[in-house]
Amino acid sequence: MKKNLFFWGVAALLFGLVSCKSGNKNTETSEDDQMIETVQAPVFDKAGVYYGVLPCADCSGIETTLELMSDQTYKLTQVYQGKEDGRFESSGALTWDAENNIITLGQGEEMTKWLIEGDKVTMLDKEGNRPEGELADQYVLTRK
C-alpha cells in the first residue's frame, strides 16, 4: 500500500513539474514571436504636409494639400481654382506599401495612389503607374 501511495505521489509530482515547464516554454515562445513581429513591422516615417497645384481639365489647377500623420492616417484637401463649391476634403486611414513607398488613400472611385520619394509625393494612376505625357511632372506635391 505504501509503495502504491509513494508511486502515485511521485507520478503526480513529475506530472506537475512537466506541466509547469511546458507552460513556461509556450509563454516564452509566444513572447519571442510577438517581439519578432514588432521588430519586423515597418515604421511609417513619411509624416508631413505636402502641397502643390495639380493639373485640372476644366480649371486653372487643383490646389492640393496632403497631410500624412505618423499613425497612418491622412487628410486630403483639394481646391479647384476658379470654381464655386470647388473645395473637397477627405480623411481616413491610409495603406502603406513600405517596399515600394506607395500609399493608398480612400477606396473605390475615391481611391488614389501616391509614390513617396524623399520630400516629394507623386500622384499615380489607380494601377500604381506614374503619369505620362507633357503634364507628367506636374502631378507632384512637395513637403512644406
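Residues numbered from 1 in each chain as written. Predicted model: local features only at pLDDT ≥ 70, side-chain atom pairs only at ≥ 80, totals over all residues. Heavy atoms only, no water.

1. A word on the overall build of the protein
Counted only if it meets this: Helix numbers and strand numbers start at the N terminus; a helix is a DSSP run of H or I with at least 4 residues, a strand a run of E with at least 2. Exposure is judged per residue with a 1.4 Å probe applied to protein chains only, and the accessible area is read against the type maximum: over 50% gives exposed, under 20% gives buried, and values in between give partly exposed. Whether two residues touch is decided by their heavy atoms; if any such pair falls within 4.5 Å, the residues are in contact. Only the protein chains shown count as cover for residues, and the accessible areas themselves come from Shrake-Rupley with a 1.4 Å probe.
Helix and strand content of the protein: one helix and nine strands. Written out in order from the N terminus, the α and β elements of the protein read α-β-β-β-β-β-β-β-β-β. Considering the protein as a whole, with its 144 residues, one finds that 25% of them fall into the buried category. In the protein, the share of contacts with a sequence separation of at least 24, taken over all contacts with a separation of at least 6, comes to 30%. Surface exposure of the protein reaches about 10400 Å², of which carbon and sulfur atoms provide 54%.

2. Concerning the packing of aromatic side chains
For clarity, the cut-off: Aromatic contacts are taken between Phe, Tyr and Trp rings whose centres are within 6.5 Å, Trp giving its six-membered ring; a plane angle under 30 degrees counts as stacked, one over 60 as edge-to-face, and the others as tilted.
Applying the stated rule across the entire model yields two aromatic pairs. Where Phe-44 meets Trp-96, the ring centres are 5.1 Å apart and the plane angle is 80 degrees; that geometry is what we call edge-to-face. Linking Phe-44 in the loop between helix 1 (2-40) and strand 1 (48-54) with Trp-96 in strand 5 (residues 95-97), this pair joins segments that are 52 residues apart in sequence. Judged by relative accessible area, Phe-44 falls into the buried class, the value being 5%. Residue Trp-96 is classed as buried on the basis of its relative accessible area of 15%.

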